[in-house]
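So the chains spell out like this:
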Number of protein chains: 2
Amino acid sequence: MTTLAALLLSGAAAPAQELRSPDGNLRMRFSLDEAGTPRYELLRGDKVVVKPSRMGFLLRGKSGAVQFGGDVTAAAPVRPTESLCDEFEILDSQTSAFDETWQPVWGEESSIRNHYNELCVTLRQPQSDRRMAIRFRLFDDGLGFRYEFPVQPNLVYFVIADECTEFAMTGDHTAWWIPGDYDTQEYDYTCSCLSEIRGHMSGSITDNLSQTSFSPTGVQTSLQLKTDDGLYINLHEAALVDFPAMHLELDDRTMVFKAHLTPDPNGDMAYMQTPATTPWRTVIVSDDARDILASRLTLNLNEPCKIEDTSWIRPCKYVGVWWEMITGRSSWSYTDELQSVHLDTDDLTKIKPNGRHGATTANVKRYIDFAAAHGLDAVLVEGWNIGWEDWFGNMKEYVFDFVTPYPDFDVEEIQRYAAEKGVKMIMHHETSGSVRNYERHLDAAYRFMNEHGYPAVKSGYVGDIIPKGCNHYNQWMVNHYLYAVKKAADYRIMVNAHEAVRPTGLCRTWPNLIGNESARGTEYQAFGGSKPSHVTVLPFTRLIGGPMDYTPGIFEMDISKINPENHSHANCTIANQLGIYVVMASPLQMAADLPENYERFPDAFRFIEEVALDWTESRYLEAEPGAYITVARKAKDSGRWFVGNVAGKEHLSDIRFDFLDPSKSYVATIYADAEDADYRNNPQAYTIREVRCTSKSRLRQRAVEGGGYAISFREATPEDNKLPRLK
Amino acid sequence: MTTLAALLLSGAAAPAQELRSPDGNLRMRFSLDEAGTPRYELLRGDKVVVKPSRMGFLLRGKSGAVQFGGDVTAAAPVRPTESLCDEFEILDSQTSAFDETWQPVWGEESSIRNHYNELCVTLRQPQSDRRMAIRFRLFDDGLGFRYEFPVQPNLVYFVIADECTEFAMTGDHTAWWIPGDYDTQEYDYTCSCLSEIRGHMSGSITDNLSQTSFSPTGVQTSLQLKTDDGLYINLHEAALVDFPAMHLELDDRTMVFKAHLTPDPNGDMAYMQTPATTPWRTVIVSDDARDILASRLTLNLNEPCKIEDTSWIRPCKYVGVWWEMITGRSSWSYTDELQSVHLDTDDLTKIKPNGRHGATTANVKRYIDFAAAHGLDAVLVEGWNIGWEDWFGNMKEYVFDFVTPYPDFDVEEIQRYAAEKGVKMIMHHETSGSVRNYERHLDAAYRFMNEHGYPAVKSGYVGDIIPKGCNHYNQWMVNHYLYAVKKAADYRIMVNAHEAVRPTGLCRTWPNLIGNESARGTEYQAFGGSKPSHVTVLPFTRLIGGPMDYTPGIFEMDISKINPENHSHANCTIANQLGIYVVMASPLQMAADLPENYERFPDAFRFIEEVALDWTESRYLEAEPGAYITVARKAKDSGRWFVGNVAGKEHLSDIRFDFLDPSKSYVATIYADAEDADYRNNPQAYTIREVRCTSKSRLRQRAVEGGGYAISFREATPEDNKLPRLK
């Protein structure tokens with residue numbers, strides 16, 4: 001580590017300091033402007049990625065006591081702020097280099113290189129003698145920076161009133177965005193120029209069970225941008241711990257994004273105690289969209305794994321008593337007789353069941369049988385525990401106890417039966433946003449899982465948070481989600497949290513966080529449908545922070561075939577659904593459709609049976625947000641390669657199999673859209689063909705809009721000589 | 001039960017229905033006015049106590065979705081309300097009578113009569129078909145009423161936006177009041193006419209570590225009033241469960257009080273699920289102030305005891321390592337070296353202690369020795385657990401873990417030593433308002449108490465509640481306090497909660513709630529002093545809801561004698577302090593001063609040693625709020641009688657001992673202010689005299705301002721013949 005400069009300038013602008021990426025292609029310039037405001041700038045070759053952008057915070061000052069005048073209608077007390085974004089001088093500057101390779105417990109690669117150059121600038125406000133450091137890490141594929149507040153006499157505890165960090169764009173870029181919201185990310189993506197966001201905002205805010213928009217130009221991270229001259233820029237954050245989630249608010253005259261944190265009920269953003277660090281603010285950039293998907297910057301900016309023995313963390317492919325409720329064929333609830341539920345006093349054994357309850361012992365056994373027959377690992381059951389009759393929208397605190405089954409769900413018998421069949425059970429904890437109630441029951445609920453053979457839990461946070469005024473993504477809730485994950489680790493439980501804050505690479509540190517939702521998942525295909533391009537955007541946005549429990553595998557797109565009253569249509573083809581298993585890598589993959597729908601298409605379902613969940617290598621072959629993604633991955637267990645493609649509009653792939661071992665020859669089984677496939681009118685039209693191939697082979701493969709394809713490879717045997725050969 | 005009327009009136013006012021108290025002296029009239037608004041009126045003989053007063057609620061209606069216009073500064077969404085306070089018709093009316101006698105686990109009497117006549121009126125709004133019942137219980141000493149929401153199709157879950165209940169006074173009464181506040185009751189009382197409240201408000205709001213005033217005419221309950229024609233009226237609530245605490249807001253033109261509930265961070269008051277009931281709104285009334293103190297109305301309106309085996313609930317007299325910290329002689333914290341505490345990483349064994357830490361093993365043993373020598377039951381120790389260096393004011397969530405002692409506090413050795421000496425230990429859990437942190441640790445903390453011989457806990461809620469925006473007295477927090485008490489009962493632990501919501505008689509239902517603070521306690525005598533009349537008001541206000549851990553027994557009023565830097569003065573005499581032990585009945589009584597101060601006055605301390613904690617009978621002999629209270633009580637264990645007096649201004653008691661057994665003769669030991677006693681300049685001047693007496697004796701006894709007296713009685717023996725005889 002070298003001290004570059006120990007400048008003590010006051011009032012005057014400091015000369016810019018430059019940091020270069022290991023390959024020299026990216027340059028970050030840090031400077032103080034004439035006001036003493038820290039600014040950074042990011043360049044890629046000769047192109048500006050981020051123009052000089054302000055950094056820092058406003059802190060909450062002490063407010064005066066409330067005074068009553070002659071009138072009851074006293075105005076809100078004045079809440080002054082103190083600036084931690086100007087009048088800085090540079091106290092110290094350190095650069096260093098870092099290069100190490102680490103092994104994730106699961107993921108897209110078995111080995112990840114963490115290679116960056118670092119600049120850490122310590123700033124001081126002479127008047128208050130407050131210090132703040134900004135640590136920059138410049139990788140070949142992007143920049144991460146965070147604020148650090150060392151222990152110091154004049155900054156011990158403090159309250160952040162606003163974050164001033166800017167990302168000043170160079171023009172009116174194209175963006176794939178969803179509305180900024182304190183409570184949900186479950187929106188369809190809009191692709192528009194930055195200047196068009198304001199006009200599209202109202203139309204982009206679709207209904208959700210809990211939602212809080214904050215600005216007509218507010219958007220969420222991870223945000224994928226594309227410049228007119230072909231740069232792909234991705235803005236997000238890494239290692240969101242003990243801090244509110246960051247949104248972006250656009251000044252659409254200047255094209256400057258400003259950080260917008262999720263407030264607490266009081267309007268404050270974060271409560272800090274030194275030493276403290278913020279999450280990393282990240283800018284991933286490349287002129288090749290594939291590099292965005294292949295970037296490990298977000299994981300690299302997180303702390304190493306904190307779980308010593310990770311042997312119990314295992315990727316998992318599962319079916320579930322779920323889609324039948326989502327589509328409305330069956331119900332989470334047991335009875336229609338109760339106007340509202342009183343967990344303490346209702347005796348459900350004496351109440352007439354509605355006859356539509358999904359989570360019955362017999363039905364669960366059917367799913368266990370299906371999982372066992374098809375080599376799937378596990379079965380999720382939702383609606384097994386009492387409380388579903390009035391489970392959301394009522395601000396009801398004692399909504400579930402997480403341990404009491406409905407009368408028709410025999411926990412012990414299911415435990416015995418699943419064990420006999422070699423199938424694991426996945427627990428479900430819907431909290432309905434009643435997080436205090438969840439925490440009160442958490443130990444008992446996890447203990448119940450340990451005792452009844454549930455190694456993983458899907459948790460949910462549907463509806464408004466209690467107490468009202470708290471939002472899903474504020475600091476208090478961010479702390480809750482991690483609390484649940486850490487406590488789960490104590491019980492050797494894996495967590496897949498839905499409606500929780502979006503992931504920011506924390507699965508590196510806590511690999512028992514095997515999944516999150518935090519985006520518009522497959523369920524919306526039963527709620528009116530998602531855009532056919534949706535899954536070509538998610539890997540550029542939501543997945544930057546970690547895997548998603550997207551729950552793919554829909555084979556019956558006409559939802560009325562499942563529930564005649566539901567006229568929704570899944571906007572995808574079967575081949576698209578197969579492609580997702582490879583494109584949207586996750587250690588947790590559901591086969592979401594009903595067993596009976598899979599039994600109609602056993603040849604296509606074969607791919608879901610075979611596809612791996614954990615990988616040693618991943619190669620992004622083609623990518624363009626909103627249009628197409630094609631990726632090849634090598635399975636950790638078998639060494640087999642798989643390829644997946646999803647297409648947001650009609651796409652003709654032209655890919656080479658140069659990832660294959662050149663010394664071997666292979667058979668590729670290609671699951672693809674049929675000639676006449678159409679996501680709307682003919683989504684079940686697929687072809688499956690087997691071809692011989694080698695690492696020199698080249699494939700031209702068409703995918704329709706909302707379509708895709710999937711390929712599994714195996715080593716060829718002499719018997720395969722009869723198969724056609726791919727050129 | 002008789003159906004009085006099943007009227008179905010719509011639009012027209014209903015004739016008033018009258019309910020009489022068992023003795024016929026109180027009358028309550030219920031009616032619907034022409035707007036269909038329910039109104040009640042209370043009369044005592046011919047005097048109006050409460051003029052016709054509105055009843056009902058505003059409910060929160062559905063608000064529209066947030067819409068963004070062209071501007072970022074979107075206005076707050078419209079939050080409409082629905083009226084549940086007019087357009088009612090009477091659907092049904094039932095009257096009944098009730099008379100039973102029950103035995104409290106502890107208290108001022110061993111047997112309590114619960115005797116009332118009841119009227120329950122069921123109302124209906126024809127347009128919405130919503131139903132609400134109002135249940136009135138009229139006792140000889142006052143009225144309780146509550147709202148009930150039966151199960152019904154059109155009111156399942158609902159949100160209360162405002163309570164419309166009024167208490168319309170007949171004139172500009174005298175009131176003993178403290179400022180309405182969502183977070184604290186720790187104010188000195190102001191005595192003024194109602195019309196003067198507004199003018200006195202600013203001066204009455206003194207600094208507190210957490211405080212939220214809401215109105216220049218807002219006051220707290222229990223509120224004690226006195227009319228010009230000599231009626232004493234007390235307004236409060238009973239059985240505050242799953243509802244926000246009620247304050248009163250005065251319209252000082254009409255002299256009408258309106259209920260003002262404590263809001264949640266969103267501005268809503270209460271989340272309700274039918275069937276639901278509100279707490280009881282109470283009006284205690286008499287022309288004799290003693291009846292207010294003797295009223296058991298608040299307890300009677302609470303549910304019977306819900307703890308089956310109460311054998312482990314035992315009244316307790318204690319000393320504590322506490323006053324030395326309150327006065328500033330010693331410290332809760334262990335070190336001055338830490339700028340802020342990190343519980344997970346700080347290693348205190350390697351950090352220099354400050355030498356002023358109170359909770360050391362040696363010091364605690366000194367208190368145990370003192371308790372054992374003087375027959376006291378227990379020792380409280382504050383500051384024993386790590387975290388006190390930065391324990392409040394920082395919105396720090398992980399502030400205590402409740403189980404890790406400082407290096408100089410040997411839990412096991414203290415457990416052994418206390419057991420050997422036959423002394424119990426009282427645990428201390430300061431939460432600093434970080435209630436989620438407390439709940440996360442609650443099981444472990446209670447388990448720790450069970451394992452280390454702590455049968456009772458003093459809990460504290462100093463500072464703002466986390467998450468900020470939640471106030472101490474809102475529904476969410478009210479639910480927390482009861483959660484902690486119920487869970488404590490599971491562990492057979494008694495709770496004495498400070499800074500929690502004011503009591504409302506819940507100790508009947510949960511008698512392990514042996515104490516609360518919820519008012520300005522003795523600690524303020526070391527923070528600048530309280531008014532000398534303070535303890536003559538508390539029994540009329542704070543104690544209406546249940547006992548207070550007031551922590552009396554200060555013998556050294558010049559606080560600088562304890563800590564030369566603290567120039568506060570306790571505004572009371574020693575005789576006053578002794579009187580409190582009888583006047584302010586509580587199953588938990590502290591002898592708050594330092595052992596060395598008691599050792600200077602062993603003859604006076606004798607009264608504290610002897611005074612009982614639990615009673616079979618209580619007779620209020622004299623009472624006037626702000627002026628004097630004299631009470632005689634008979635001990636449950638020994639059958640001995642004790643008398644206590646406190647005087648807010650100079651007072652000459654003239655009392656008779658007719659409570660004594662007429663067949664016996666007694667010796668009374670009278671601890672009184674000396675002739676020249678003066679709370680300011682000569683507070684330690686007391687006299688102790690022994691006199692022979694019988695049930696026919698009459699005592700004239702002077703108490704100075706801030707003074708008082710205490711008397712213990714024992715049966716006379718022949719050897720007592722030498723003692724002077726009281727006339």
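Residues numbered from 1 in each chain as written. Chains lettered and ligands numbered in written order. Predicted model: local features only at pLDDT ≥ 70, side-chain atom pairs only at ≥ 80, totals over all residues. Heavy atoms only, no water.

> Teacher, can you tell me more about the sheet that holds strand S6 (residues 57-60) of chain B here?
Strands pair in a sheet through their backbones, by hydrogen bonds, and they do so in one of two ways: parallel or antiparallel. Residue and element names in this part refer to chain B. Within the open sheet, the four strands sit side by side as S7-S6-S12-S21. Their pairing is antiparallel. Edge strands, defined here as strands with exactly one partner in the open sheet, are strand S7 (81-84) and strand S21 (270-273). Across the sheet, the axes of successive neighbouring strands diverge by a mean angle of 40°, strand direction being ignored. Where S6 lies against strand S12 (residues 157-163), three bridges are found, and the strand directions are antiparallel. What sits directly across from Leu-59, in S12, is Ile-160. (Pairing = 2+ DSSP bridges. Helix = DSSP H or I, 4+ residues; strand = E, 2+ residues; numbered from the N terminus. Axes fitted to C-alpha atoms, helices over the stretch in contact; angles between N-to-C directions.)

> So what exactly am I meant to see when it comes to the packing of helix H10 (residues 574-583) of chain A against helix H12 (residues 602-610) of chain A here?
Any two packed helices are characterised by the angle at which their axes cross and by the distance between the axes. Residues and elements named next belong to chain A. It is at 10 Å that the axes of H10 and H12 come closest, and there the two elements cross at 10°. As summarised for this structure, H10 and H12 are arranged roughly parallel, according to the angle between their axes. Note on element contacts: H12 touches H10 through Ala-604, Phe-607 and Ile-608, opposite Ile-574, Leu-578, Tyr-581 and Val-582. Its residues placed into classes, the contact of H10 with H12 shows seven nonpolar, no polar and no charged. (Parallel < 35°, antiparallel > 145°, perpendicular 65-115°, else oblique. Contact = heavy atoms within 4.5 Å. Nonpolar A, V, L, I, M, F, W, Y, C, P; charged D, E, K, R; others polar.)

> I would appreciate a short explanation of unusual backbone geometry in the present structure.
A negative phi angle is the norm for most residues apart from glycine, just as the trans form is the norm for most peptide bonds. Residue Thr-274 of chain A is joined to Pro-275 of chain A through a cis peptide bond whose omega torsion reads -5°. Along the chain, Pro-275 of chain A turns up in the loop between strand S21 (270-273) and strand S22 (276-277). Note that the residue after Thr-221 of chain B, namely Ser-222 of chain B, is joined by a cis bond; omega there is -5°. As for its placement among the helices and strands, Ser-222 of chain B is situated in the loop between strand S16 (218-219) and strand S17 (223-226). Here the phi dihedral of Asp-129 of chain A falls at roughly 55°; this positive angle occurs in a residue that is not glycine. Positionally, Asp-129 of chain A belongs in the loop between strand S9 (112-125) and strand S10 (130-139).

> How do you make sense of the pairing of strand S34 (residues 651-656) of chain A when you look at a structure like this?
On any regular strand, side chains alternate: one points to one face of the sheet, the next to the other face. Residues and elements named next belong to chain A. On S34, burial follows the alternation: His-651, Ser-653 and Ile-655 on one face are buried, whereas Leu-652, Asp-654 and Arg-656 on the facing-out side are not. In terms of strand pairing, S34 meets strand S37 (residues 698-703) through six bridges, oriented antiparallel. Of the residues in S37, the one forming a bridge with Leu-652 is Arg-702. (Buried < 20%, exposed > 50% of the residue type's maximum accessible area, 1.4 Å probe, protein only.)

> Explain the interface of chain B and chain A to me, please; I cannot follow it from the model alone.
Chain B puts 48 residues into the contact, and the matching count from chain A is 48 residues. Approximately 4000 Å² of surface area, both sides summed, lies buried where chain B meets chain A, with 55% of it carried by carbon and sulfur atoms. Inspection of the chain B/chain A interface yields two salt bridges. A salt bridge links Glu-439 of chain A to Arg-440 of chain B; the shortest N-O distance between them is 2.7 Å. Linking chain B with chain A are 17 residue pairs in polar contact (both at pLDDT 80 or more). Contributing elements (two or more residues each) for the side of chain B that touches chain A: helix H1 (197-204), S21, helix H7 (435-451) and helix H8 (475-490) of chain B. When grouped by side-chain class, the residues that make up the side of chain B that touches chain A number 20 nonpolar, 17 polar and eleven charged. (Buried area = accessible area lost by both parts, 1.4 Å probe. Salt bridge = Lys/Arg side-chain N within 4 Å of Asp/Glu carboxyl O. Polar contact = N/O pair within 3.5 Å; in protein donor to acceptor, adjacent residues only side chain to side chain.)

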